Amino acid sequence: MPPLPAFNNPEALWGLLLVPLLFVQAWRERRARAPLRFSAANVFARSGKGLRTYMLPLLPLLRAAAVTAAVLAIARPQVRDSRVRDLSVEGIDIVVALDLSTSMEAGDFRPQNRMHVAKDVLSEFIANRVNDRIGLVVFAGAAYTQAPLTLDYGVLKEVVKQLRTRVLEDGTAIGDALATSLNRLRDSEAKSRVVVLITDGDNNAGKISPMDAANMAQALHVPVYTILVGKGGKVPFPQGTDLFGNTVWRETEIPINPELMQDIADRTGGEYYRATDPEGLRRGLQKVLDSLERSRLMEGGASATYREEFHPFLLAAFGLAALELLLRATFLRVFP
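None of the values given here were measured: they were computed from a predicted structure.

*Asks:* Any chance you could explain helix α11 (residues 311-329) here in plain terms?
*Replies:* Helical geometry: 3.6 residues make up each α-helical turn, so side chains three or four residues apart lie on a common side. With 19 residues, α11 ought to run about 27 Å at 1.5 Å a step, and its terminal C-alpha atoms sit 27 Å apart, in line with that. Within the span of α11, buried status applies to Ala-317, Glu-324 and Leu-327. The arc that holds every buried residue of α11, seen down its axis, measures 115°, which confines them to one face. Counted as exposed and oriented over 90 degrees from the buried face of α11: Leu-315, Phe-318, Leu-325 and Leu-326. Residues of α11 that are buried sit in contact with α4 (58-74).

Okay, here's the thing in structure tokens:
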């Protein structure tokens, strides 16, 4: 047996009281209509009643049915779905620390540089999240919070889109970046908190050493997942433009420190990944999520879902009203 509909706006059903008034109005209009008198009415009597005579009472019925259907549509009938929606939301608090040093302009991810690929992959990563709160820390010679933990992925993707190199003092302050990221997670109540560090170089700036920051993460029980971007060694690096405006590339040595990335991950209980191409960076971010335990940010219960059923009533109201107006203006038109 199908479930019975319920009304989301039951007060609208008071509008059904208009239906009897419509019949009263139709009766009064018929009574007030001026009759036509003939001297030989017996001729019309012998001819019998035509189809129009039997159909005239249909007009007030159509109008009453249209009003009834419109009232039912406004009352919004709904049918309870058999499925139950879980209101509990599971998620992870993630802070991404992204390197904006000039070395991210290296072209070993050609046709794009490391920065362009990192932004694209990070935007995809954000777009695929549902209930994870994500924050963003950027760093070069110093570290800054670019976006606090948020579920507003649209704003976060726009922030990532605007990221540029050469806007911070140059360098690679890995320790400061980790400390700033941990500060964003300090007040988080999520059971799963994590830092994702994306860099392409070695620590050469900042006030806090990377291992001191790793010890802080260990004390706070925050794993750090490190992703080393780039091939290392001599890589194509932009050295200006030629006379025609084309970028001039020159092989440049960019130092990396995979051992440091591995040590940070091991010390904090995270994992280390190496990304030498765009797909490797995507895999690294996905592996981070696959290895994390989901925690409940908000405790909820269960809620029934409802399916709207007002559409047939709305269509019927328009259809019946249009039919009544059409008949009244054509076949059932009354003179005078």
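Picking up where we left off.
*Asks:* So what exactly am I meant to see when it comes to the packing of helix α7 (residues 174-185) against helix α8 (residues 210-219) here?
*Replies:* Packed helix pairs are characterised by how far apart their axes lie and by the angle those axes make with each other. Packing of α7 against α8 leaves a shortest axis separation of 7 Å and a crossing angle of 20°. Here α7 is positioned roughly parallel relative to α8, judged by the angle of their axes. Considering only the axes of α7 and α8, their crossing is left-handed. Two secondary-structure elements touch here, α7 through Ile-174, Gly-175, Leu-178, Ala-179 and Leu-182 and α8 through Pro-210, Ala-213, Met-216 and Ala-217.

*Asks:* Got a minute to help me understand the pairing of strand β7 (residues 193-199) in this structure?
*Replies:* Consecutive side chains along a regular strand alternate between the two faces of the sheet. The element β7 is largely enclosed, with a buried count of seven among its seven residues. Alignment of strand β4 (residues 93-99) against β7, held across six bridges, turns out to be parallel. By the bridge assignment for β7, Ala-97 is matched with Leu-197. When β7 meets strand β8 (residues 224-229), the two strands line up parallel, connected through five bridges. Residue pairing across strands places Val-196 opposite Tyr-225, the latter belonging to β8. One crossover worth recording links β7 to the parallel β8 by way of α8, and it is right-handed.

Conventions we followed
Residues numbered from 1 in each chain as written. Predicted model: local features only at pLDDT ≥ 70, side-chain atom pairs only at ≥ 80, totals over all residues. Heavy atoms only, no water. Helix = DSSP H or I, 4+ residues; strand = E, 2+ residues; numbered from the N terminus. Expected span 1.5 Å × (residues − 1). Buried < 20%, exposed > 50% of the residue type's maximum accessible area, 1.4 Å probe, protein only. Arc of directions from axis to C-beta. Contact = heavy atoms within 4.5 Å. Axes fitted to C-alpha atoms, helices over the stretch in contact; angles between N-to-C directions. Parallel < 35°, antiparallel > 145°, perpendicular 65-115°, else oblique. Left-handed = near helix turned anticlockwise from the far one by under 90°. Pairing = 2+ DSSP bridges. Right-handed = clockwise from strand over helix to strand, strands pointing away.

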